[in-house]
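So you can see what is in the structure, the chains are spelled out below.
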Amino acid sequence: MKKPVIAIDGYSSTGKSSISKIIAKKLGLVHLDTGALYRGITWFALQNCIFEDSSIDLKKLFSSLDQIQLEFKNDEGELVLYLNHIDISRQIRTNEVSENVSLVAKQKEVRDFLLQSQRNLAEKGGIIMDGRDIGTVVLPDADFKFFLTASIEERATRRYNELLELGITADREKVKENLIARDKIDSEREIAPLKQADDAIVIDNTFLSKEGTIETILSYLQNI
């Protein structure tokens, strides 16, 4: 019997990736963090496609996409992102990447580059994929769809604490401003905007712990 395909969408810092990873482990599924893929391309652009004013040269990035090989490798049970055979799992979480990823992610050329590879990974089932447009664009026929949301104050606190745990210096107010800006860009972009699928189950985890959110999602998946 084919294992299910699960889509988890939602706003930044609602815990999509970490929650999806734990659920995947509990259910014996493969977890794919699509946000990491866009961060990987953003990091590549920041290293290789920059104007003199330090902004990203999108035309150069588009012409360089064929030089990008992104893959997840299993490192002691955890999928780690590699760009051209180099582990970039820590680099993609920096503030510089966070401040530029929405710009890169809204580009049609970038989304098209990643779309088919994401769909190919889901063809055989047994996968949980998280992002912003999984249930609406990437996997519209997913067996289960969830949409996570939380207050901006709670999300800013979570993101700030995550950066500190990674040893990255951060200013909480700047983190909050970055999240607000990303919400606006992600929700208003023309190509595959952040949007709740009509048939998605919405979970507001402002006052839910990570464990509580996981248990809520698992309650819908108990019969698979």
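Bear in mind that the values here come from a model prediction, so they are computed numbers and not experimental data. (Residues numbered from 1 in each chain as written. Predicted model: local features only at pLDDT ≥ 70, side-chain atom pairs only at ≥ 80, totals over all residues. Heavy atoms only, no water.)

Asks: Help me understand the sheet that holds strand 6 (residues 127-131) in this model?
Replies: Strand pairing in a sheet takes place through backbone hydrogen bonds and is either antiparallel or parallel in direction. Pairing within the open sheet is parallel, and its five strands lie in the order 2-6-1-7-8. Looking at the sheet topology across the chains shown, the edges are occupied by strand 2 (30-33) and strand 8 (201-204). Ignoring which end each strand starts from, the neighbouring axes of this sheet average 20 degrees apart. Relative to strand 6, strand 1 (residues 5-10) is paired through five bridges, and the arrangement is parallel. Opposite Asp 9, over in strand 6, you have Gly 131 as the bridge partner. Contacts from helix 1 (residues 16-27) reach strand 1, strand 2, strand 6 and strand 7 (144-149), with the element oriented near 175 degrees to strand 6. Against the sheet, helix 5 (residues 108-122) contacts strand 1, strand 2 and strand 6, and its axis sits at roughly 150 degrees relative to strand 6. (Pairing = 2+ DSSP bridges. Helix = DSSP H or I, 4+ residues; strand = E, 2+ residues; numbered from the N terminus. Axes fitted to C-alpha atoms, helices over the stretch in contact; angles between N-to-C directions. Contact = heavy atoms within 4.5 Å.)

Asks: Where do I start with the UniProt feature "binding site: ATP" (unreviewed entry) in the chain in this structure?
Replies: UniProt's entry tags Gly 10, Tyr 11, Ser 12, Ser 13, Thr 14, Gly 15, Lys 16, Ser 17 and Ser 18 with the feature "binding site: ATP" (unreviewed entry), counted in the numbering of this structure. If you trace the backbone, Tyr 11 turns up in the loop between strand 1 and helix 1. Its relative accessible area of 24% is what places Tyr 11 among the partly exposed residues. Here Ser 17 is to be found in helix 1. By relative accessible area, Ser 17 is classed as partly exposed at 22%. Look past the residues within four positions of Ser 17 in its chain and what remains in contact with it is His 31, Asp 33 and Asp 130. (UniProt positions renumbered as here; feature names shortened; annotations may be inferred. Buried < 20%, exposed > 50% of the residue type's maximum accessible area, 1.4 Å probe, protein only.)

Asks: Would you explain helix 1 in this entry?
Replies: Structural remark: α-helix, 3.6 residues per turn; residues separated by three or four positions point the same way. Between its terminal C-alpha atoms helix 1 stretches 16 Å, which fits the 16 Å expected from twelve residues at 1.5 Å a residue. Those residues of helix 1 that are buried lie in contact with strand 1, strand 2, strand 6, strand 7 and helix 9 (210-220). Of the residues one or two after helix 1, Gly 28 is the one with positive phi, at around 70 degrees. (Expected span 1.5 Å × (residues − 1).)

Asks: Please explain empty space enclosed by the protein as it appears in this structure.
Replies: The probe, sized like a water molecule, is rolled over the atoms to show the empty space still left. Applying the stated criterion across every chain, the model contains one cavity of 30 Å³ or more. What the largest cavity holds in volume is close to 70 Å³. For the lining of the largest cavity, the secondary structure elements donating two or more residues are helix 4 (95-105) and helix 8 (172-188). The residue inventory of the lining of the largest cavity, partitioned by class, reads one nonpolar, three polar and four charged. (1 Å grid on protein atoms, 1.4 Å probe; cavity = no way out; pocket = protein on both sides within 12 Å on 5 of 7 lines; lining within 4 Å. Points joined across faces, edges and corners; volume = space filled by probe spheres on them. Nonpolar A, V, L, I, M, F, W, Y, C, P; charged D, E, K, R; others polar.)

Asks: What is the right way to read the pattern of salt bridges from this model?
Replies: Think of it this way: side chains of opposite charge can pair up when their charged atoms draw near. Evaluated as defined, the whole model comprises 13 salt bridges. Here Lys 108 ties to Asp 112 by a salt bridge, and the two come within 2.6 Å at their closest N and O atoms. Here Lys 108 pairs with Asp 112, and both are found in helix 5, just four residues apart, close to one helical turn. Across the pair Lys 176 and Glu 153 runs a salt bridge, and its minimum N-O distance is 2.4 Å. Here Lys 176, found in helix 8, pairs with Glu 153, found in helix 7 (residues 152-165); they are 23 residues apart in sequence, far enough to count as distant. (Salt bridge = Lys/Arg side-chain N within 4 Å of Asp/Glu carboxyl O.)

Asks: Would you take a moment to explain the packing of helix 2 (residues 34-48) against helix 5 for this structure?
Replies: Two packed helices can be described by the angle between their axes and the distance between those axes. At their nearest, the axes of helix 2 and helix 5 sit 11 Å apart, and the two run at 140 degrees to each other. For the element pair helix 2 / helix 5, the angle class is oblique. Crossing hand, helix 2 versus helix 5: right-handed. Contacts between helix 2 and helix 5 involve Thr 34, Leu 37, Tyr 38 and Ile 41 from the first element and Val 110, Arg 111, Phe 113, Leu 114 and Gln 118 from the second. Looking at the contact of helix 2 with helix 5 residue by residue, the classes come out as six nonpolar, two polar and one charged. (Parallel < 35°, antiparallel > 145°, perpendicular 65-115°, else oblique. Left-handed = near helix turned anticlockwise from the far one by under 90°.)

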